[in-house]
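Understanding the architecture of this molecule
One letter stands for each residue in the lines below.
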Amino acid sequence: MTVSAAVPMSATLAADEALARRRAAGERVLSMASGEIGLPVLPGLRERLAAASAENAYGPVAGSPELRAAAAGYWARRGLATDPVQVVAGPGSKSLLYALLLAIGGDVVVPVPGWVSYGAQARLAGAEPVPVPIRPGEGGVPDPGRLREAVSAARRAGRDPRAVVVTVPDNPTGTVAPPGTVRELAEAARELGLTVVSDEIYGDLVYGARGPVPSPARYAPERTVVTTGLTKNLALGGWRTGVARLPDGAAGRELHGRLVSVASQIWSSPPAPVQSAAAYAFGEPPEVTARVAASRRLHETVAGAVAGHVAATGAVLAPVTATCYLYPDFAPLRDRLAGAHGVRDGDGVARFLGERHGVGVLPGSAFGEPAGSLRVRLATSRLYGADDEQRLAALAAPDPLALPWIAEAVAWAGDAVADLAAGAGAAGRRF
């Protein structure tokens, strides 16, 4: 079997396509499986993209000087002094993450639960993921003590772990690991000789804007790569643009050479018109910071409302402090779910919500959870409206929950999880 044959399609994208097929067939569905942010493009970014549309030549593999300088400034404003030569741009942070795994080499420690593509990308790179559980409520960061144990065991078995991936803030849990845990992780990585790859794509979506996220680059700058992009904070998933900040010092310079070589063989150079708009965005003019702040408030409000419905079922749900994700554990309801619905794991929960209520969610198995886990991920990022007029209204509303389309979506999700927990009949169906 080839490496690619062993890698399934992204669970998120597969769920999105399945929901799209159902919608096209005339079914009414509520999409809570995808993390795509359902908000309009900021007008100033559209204008800059259009103005740069004639730029059709290859550019520097690492990205344009303007974009790299803007990204360096973005990180400097968050307490990470950055030289533009440390920055490498690519067609999406997802592509950069894969290229980094190729450039670093070896096996990769991944958090459990963790984003659906970390383990798959490791396998595509010819490596193996080394799964390490998180601490409760501290998503995205492998437990440092268990990290030491797992890496030591892997090396005794002849494996070669060289990197550890962390996600701050986290997808799928919607939590932010505390600075103490991130510092411990950085110290463990230094002891073990691991490169830290810190996926900070949600860094601007921490509720309350309580300052920059606790990046491991603060504690181990000589071995930490930070990646981010505009997919989440500015809802530009289709533009495919991302940047990586490489480690300080000699190790960073060496990795830079390997990463640029890999990039030159995969994407040649990032798309020039998008780089022009991205440079403006990373410069953070007032219209950009205002849009990000409005988006963050909207995520917090809607995710909080859905979280209230989920918590009312008796499921365990860590406080959501960032992003648009909820990651409840229905384990306290295990006997009731099995008896009323024959549901015994997260896949069963996802089937029940999808088939009976038209609510698409992802099971915990997509994020590396063990068999029998009753966790699922719900994303609220597609509940803001059916068109740009509704979505702009949601961004501007003092109380987004008072808007009828958002109120209906939140109630729909609430009815579905209530039915799951109570074992009620199909009367609650809304599609």
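Conventions and cut-offs
Throughout, residues of each chain are indexed from 1 in the direction in which the sequence is written. Totals for whole chains, interfaces and linings use all residues, but because this is a predicted model, local features are given only for residues with pLDDT of at least 70 and pairs of side-chain atoms are given and counted only at 80 or more. Only hydrogens and water are removed before side-chain values are computed, so all heavy atoms of the structure are retained for them. Labels follow the DSSP assignment, with helices taken as runs of H or I lasting at least four residues and strands as runs of E lasting at least two, numbered in each case from the N terminus. Burial here depends on accessible area, computed with a 1.4 Å probe over protein chains only, as a share of the maximum for the residue type. Under 20% is buried, over 50% is exposed, and the range in between is partly exposed. Every residue pair with non-hydrogen atoms within 4.5 Å of one another is taken to be in contact. Angles shown run from 0 to 180 degrees and are taken between the N-to-C directions of axes, each axis being a line fitted to C-alpha atoms and, for helices, limited to the stretch in contact. If an angle is under 35 degrees, it is roughly parallel; if it is over 145, roughly antiparallel; if it lies from 65 to 115, roughly perpendicular; otherwise it is oblique. The handedness criterion is simple: a crossing whose near helix is rotated anticlockwise from the far helix by less than a right angle is left-handed, and one whose near helix is rotated clockwise is right-handed. Any residue that is not Ala, Val, Leu, Ile, Met, Phe, Trp, Tyr, Cys, Pro, Asp, Glu, Lys or Arg is counted as polar, Gly included; the first ten are nonpolar and the last four charged. Following DSSP output, two strands are said to pair if at least two bridges run between them. When a carboxyl oxygen of Asp or Glu is within 4 Å of a side-chain nitrogen of Lys or Arg, the pair counts as a salt bridge.

Relative to the elements of secondary structure, Ser 31 occurs in strand E1 (residues 30–31). Owing to a relative accessible area of 7%, Ser 31 belongs among the buried residues under this scheme. The contact partners of Ser 31, leaving out residues within four places of it in the chain, are Asp 16, Leu 19, Arg 23, Gly 360, Ala 379, Arg 382 and Leu 383.

The N-to-C vectors of helix H4 (residues 93–104) and helix H5 (residues 116–124) enclose an angle of 45°; their axes lie 9 Å apart at closest approach. One element, H4, and the other, H5, form an angle in the oblique class. Crossing of H4 over H5 shows right-handed handedness. Along the contact surface, H4 presents Lys 94, Leu 97, Tyr 98 and Leu 101, while H5 presents Ser 117, Tyr 118, Gln 121, Ala 122 and Leu 124. Classifying every residue of the contact of H4 with H5 by side-chain character gives six nonpolar, two polar and one charged.

Taken together, three strands build an open sheet; the order of strands is E10-E13-E12 and the sheet is antiparallel. Edge positions in the sheet fall to strand E10 (325–326) and strand E12 (362–363), since each of these pairs with one other strand and no more. With two bridges joining them, E10 and strand E13 (residues 376–379) adopt antiparallel strand pairing. Note on E13: the bridge partner recorded for Tyr 325 is Ala 379.

Moving on, we come to the packing of H4 against helix H8 (residues 249–266). Where H4 meets H8, the axes come as close as 9 Å, and the angle between the chain directions of the two elements is 125°. Regarding the angle of H4 to H8, the classification is oblique. Relative to H8, H4 is oriented so that their crossing is right-handed. On the side of H4, the interface is formed by Ala 99, Leu 100, Leu 102, Ala 103 and Ile 104, while H8 contributes Leu 255, Arg 258, Leu 259, Val 262 and Ile 266.

A few words on the pairing of strand E5 (residues 138–142). Burial of E5 is extensive: five of the five residues sit out of reach of the surface. Bridge analysis of strand E4 (residues 129–135) against E5 gives two bridges, and the strand direction is antiparallel. Across the sheet, Ile 134 pairs through a bridge with Pro 142, a residue of E5. Here E4 hands over to E5 after two residues, with Gly 137 in that stretch at a positive phi of 75°.

When you line up the elements, Val 206 lands in the loop between strand E7 (195–199) and strand E8 (224–229). Val 206 sits 173 residues away from Ala 33 along the chain, and the two C-alpha atoms are 21 Å apart.

This brings us to the pattern of salt bridges. Applying the stated criterion to the full structure yields 19 salt bridges. Arg 223 is the partner of Glu 222 in a salt bridge, and the nearest nitrogen-oxygen pair spans 3.2 Å. Owing to a relative accessible area of 26%, Glu 222 belongs among the partly exposed residues under this scheme. By relative accessible area, which is 18% here, Arg 223 ends up buried. Between Arg 258 and Glu 254 there is a salt bridge, with the nearest N and O atoms lying 3.0 Å from each other. Residue Arg 258 and its partner Glu 254 are located together in helix H8, separated by four residues, close to a single helical turn. Within this structure, Arg 77, Arg 78, Asp 204 and Glu 284 form a network of salt bridges that share partners.

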